[in-house]
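Below are the chains, spelled out letter by letter.
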Amino acid sequence: MGGEINVNMNKIENVKVNEAAKTNAKANAKTNAGVKIMSSAAENTSEKKTANSTMDIMVNSIINTTVNLAGVELKNPVMTASGTFGSGQEYGELIDLNRLGAVVTKGVANVPWPGNPTPRIAETHGGMLNAIGLQNPGIDLFCKRDIPFLRQFDTKIIVNVCGKTTEDYLEVVERLGDEPVDLLEINISCPNVKEGGIAFGQDPKAVEAITKAVKAKAKQPVIMKLSPNVTDITVMAKAAQNGGADVISLINTLTGMKIDVHKRKFALANRTGGLSGPAIKPVALRMVYQAAHAVSCPVIGMGGIACWEDAVEFILAGASAVSVGTANFYNPNAAVEIAEGIENYMRQYGISDIRELVGAVE
């Protein structure tokens, strides 16, 4: 009897020992599993951080929007078109000028120009007509007031130059020689008073001659801004390049007219004016494409650009950079939004360098 009790007691104790061992084993297993989970989580977190860090580095390093125009590097290919942005100060409180590739100033002459009589602006379907007459304060005030203002910002300065004679242009070009500006854009849509009023940009011989004269005096790279009011834009583009142009820009406005049928009068006091805005984009795009394939120098495209898609079209057609004009009047932030849109487009399609898009249309 006593032996049976001892045997049973031993069995009970063995069972308790085994259960305790199993409990400890389970606890150890849970602990080990917990350690593994924590270790795995830490590894995953570390991997994610590394991946995110790598992605950030890739995004920051592979998107290159800089463009080079005759040795002058712009942070992005977007600038403002002359005559639509004042000299920058007028828009300085509305947008961050630091985000622009360049600011192109309103045309400046050797002396102040009063411009044309009013009315000198009229709306049209898909655009506007203007006959401002290149009103400007003259080179002296421009150098004293406008250049110092623009120098405060991290953007390139392109000065648009206008004149009525070759001598007028050269006087401004020489005056700007020692000023801290990056490029000169020569507006050859101005009438040449010594040649009966025909615009410099409508005669290939005059285009080449004025380009050579400016290049002989200029200390900055020269952009020749071409008129679209010609029979063959490629002839004018080649004439500018033959004259030594470092860059060409196009198009300037197309000559147009509007009549008030109720008053039976011209909408503009000047009768005709320059048509700009989305309505001219197809014409501008075609001319930029033709010019870009006719010359080897960089091309700046403009004419009706209102959104990033428009800008990308011009770049695909062969433009190295673009100018935003009439859109600034109804959306002061247009140029900044377009620059951002181009960068997002590049990310979307895996484009690492803006130069890959230049002339890439098939």
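Definitions and cut-offs
Residues numbered from 1 in each chain as written. Predicted model: local features only at pLDDT ≥ 70, side-chain atom pairs only at ≥ 80, totals over all residues. Heavy atoms only, no water. Core = buried A, V, L, I, M, F, W, Y, C linked by side-chain atoms within 4.5 Å. Buried < 20%, exposed > 50% of the residue type's maximum accessible area, 1.4 Å probe, protein only. Contact = heavy atoms within 4.5 Å. Axes fitted to C-alpha atoms, helices over the stretch in contact; angles between N-to-C directions. Helix = DSSP H or I, 4+ residues; strand = E, 2+ residues; numbered from the N terminus. Left-handed = near helix turned anticlockwise from the far one by under 90°. Nonpolar A, V, L, I, M, F, W, Y, C, P; charged D, E, K, R; others polar. Pairing = 2+ DSSP bridges. pLDDT = per-residue confidence, 0-100. Parallel < 35°, antiparallel > 145°, perpendicular 65-115°, else oblique. Salt bridge = Lys/Arg side-chain N within 4 Å of Asp/Glu carboxyl O. Polar contact = N/O pair within 3.5 Å; in protein donor to acceptor, adjacent residues only side chain to side chain. Phe/Tyr/Trp six-rings, centres within 6.5 Å; stacked < 30°, edge-to-face > 60°.

Take the nonpolar core next. Side chains of a nonpolar character, in soluble globular proteins, are inclined to be buried together. Judged by nonpolar contacts, the single largest core of 95 residues is most densely connected at Met79, Val159, Leu176, Ile186, Ile248, Leu250 and Ile342. Once you skip the residues sitting within four places of it in the chain, valine 159 turns out to touch Thr105, Val108, Phe142, Leu176, Val181, Leu183, Leu184 and Glu185. Grouped together as the second largest cluster of nonpolar side chains are five residues, Ala122, Leu129, Ala131 and Leu268 included.

We now examine the packing of helix 2 (residues 139-150) against helix 3 (residues 166-176). Packing of helix 2 against helix 3 leaves a shortest axis separation of 11 Å and a crossing angle of 35°. Classified by chirality, the crossing of helix 3 by helix 2 is right-handed. Residue-level inspection shows Ile139, Asp140, Phe142, Cys143 and Ile147 of helix 2 in contact with helix 3, the latter providing Val172, Arg175 and Leu176. Among the residues making up the contact of helix 2 with helix 3, the classes are represented as six nonpolar, no polar and two charged.

The sheet contact formed by strand 5 (residues 121-124) and strand 6 (residues 127-130) spans four bridges and is antiparallel. Bridge pairing links isoleucine 121 to asparagine 130 in strand 6. Connecting strand 5 to the antiparallel partner strand 6 that follows it, the hairpin turn spans two residues, and glycine 126 within it adopts a positive phi of roughly 75°.

Right, let's get into the environment of valine 78. Assignment of secondary structure puts valine 78 in strand 3 (residues 78-80). Owing to a relative accessible area of 0%, valine 78 belongs among the buried residues under this scheme. The spatial distance from the C-alpha of valine 78 to the C-alpha of valine 67 is 9.6 Å, given a sequence separation of eleven residues. Not counting residues within four places of it along the chain, the set of residues in contact with valine 78 comprises Leu100, Gly101, Ala102, Val322, Val324, Ala335, Ile338, Ala339 and Ile342.

This brings us to the confidence of the model for the protein chain. Reading fine detail from the predicted coordinates is not recommended where pLDDT is low. Per-residue pLDDT for the protein chain averages 87, and the proportion of residues at 70 or more is 83%. Overall, residues 20-58 carries pLDDT values under 50, and its contacts beyond four positions in sequence, including any with other chains, amount to zero contacts.

Viewed as axis vectors pointing N to C, helix 3 and helix 4 (residues 204-217) meet at an angle of 25°, and their least axial separation amounts to 9 Å. By the angle between their axes, helix 3 is roughly parallel relative to helix 4. Helix-helix and strand crossings are classified by hand; for helix 3 and helix 4 the assignment is right-handed. Seen from helix 3, the contacting residues are Thr166, Tyr169, Leu170, Val173 and Glu174; seen from helix 4, they are Ile210, Ala213, Val214 and Lys217. Per-class residue counts for the contact of helix 3 with helix 4 are six nonpolar, one polar and two charged.

Moving on to the pattern of salt bridges. Tallied over the entire structure, the rule returns twelve salt bridges. Note that glutamate 179 and arginine 175 form a salt bridge whose closest N and O atoms lie 3.2 Å from each other. Classification of arginine 175 by relative accessible area gives partly exposed; the value is 33%. Measuring nitrogen to oxygen at the nearest pair gives 2.7 Å for the salt bridge that ties arginine 355 to aspartate 353. Overall, arginine 355 belongs to the exposed group, its relative accessible area being 60%. For aspartate 353, a relative accessible area of 12% gives the class buried.

Moving on: the environment of lysine 215. Topologically, lysine 215 is positioned in helix 4. C-alpha separation for the pair lysine 215 and aspartate 246, spaced 31 residues apart in sequence, amounts to 9.0 Å. Beyond its immediate stretch of four places on either side in the chain, lysine 215 contacts Val222, Gly243, Gly244 and Asp246. A distance of 2.8 Å separates the side chain of lysine 215 from the side chain of aspartate 246, its partner in a polar contact.

Tallied over the full model, the rule gives five aromatic pairs. Each ring, one from tyrosine 169 and one from phenylalanine 200, has its centre 5.4 Å from the other, and the planes form 90°; the classification is edge-to-face. One end of the pair, tyrosine 169, is in helix 3; the other, phenylalanine 200, is in the loop between strand 8 (183-187) and helix 4, and 31 residues separate them in sequence. Considered together, tyrosine 169 and phenylalanine 200 belong to a single accessibility category, that of buried residues. Between tryptophan 308 and tyrosine 345, the ring centres sit 5.6 Å apart and the planes meet at 45°, which makes this aromatic pair tilted. Placement of tryptophan 308 in helix 7 (residues 308-317) and of tyrosine 345 in helix 9 (residues 334-348) is noted, with a sequence separation of 37 residues between them. Linked through ring pairs, Trp308, Tyr345 and Tyr349 together constitute an aromatic cluster.

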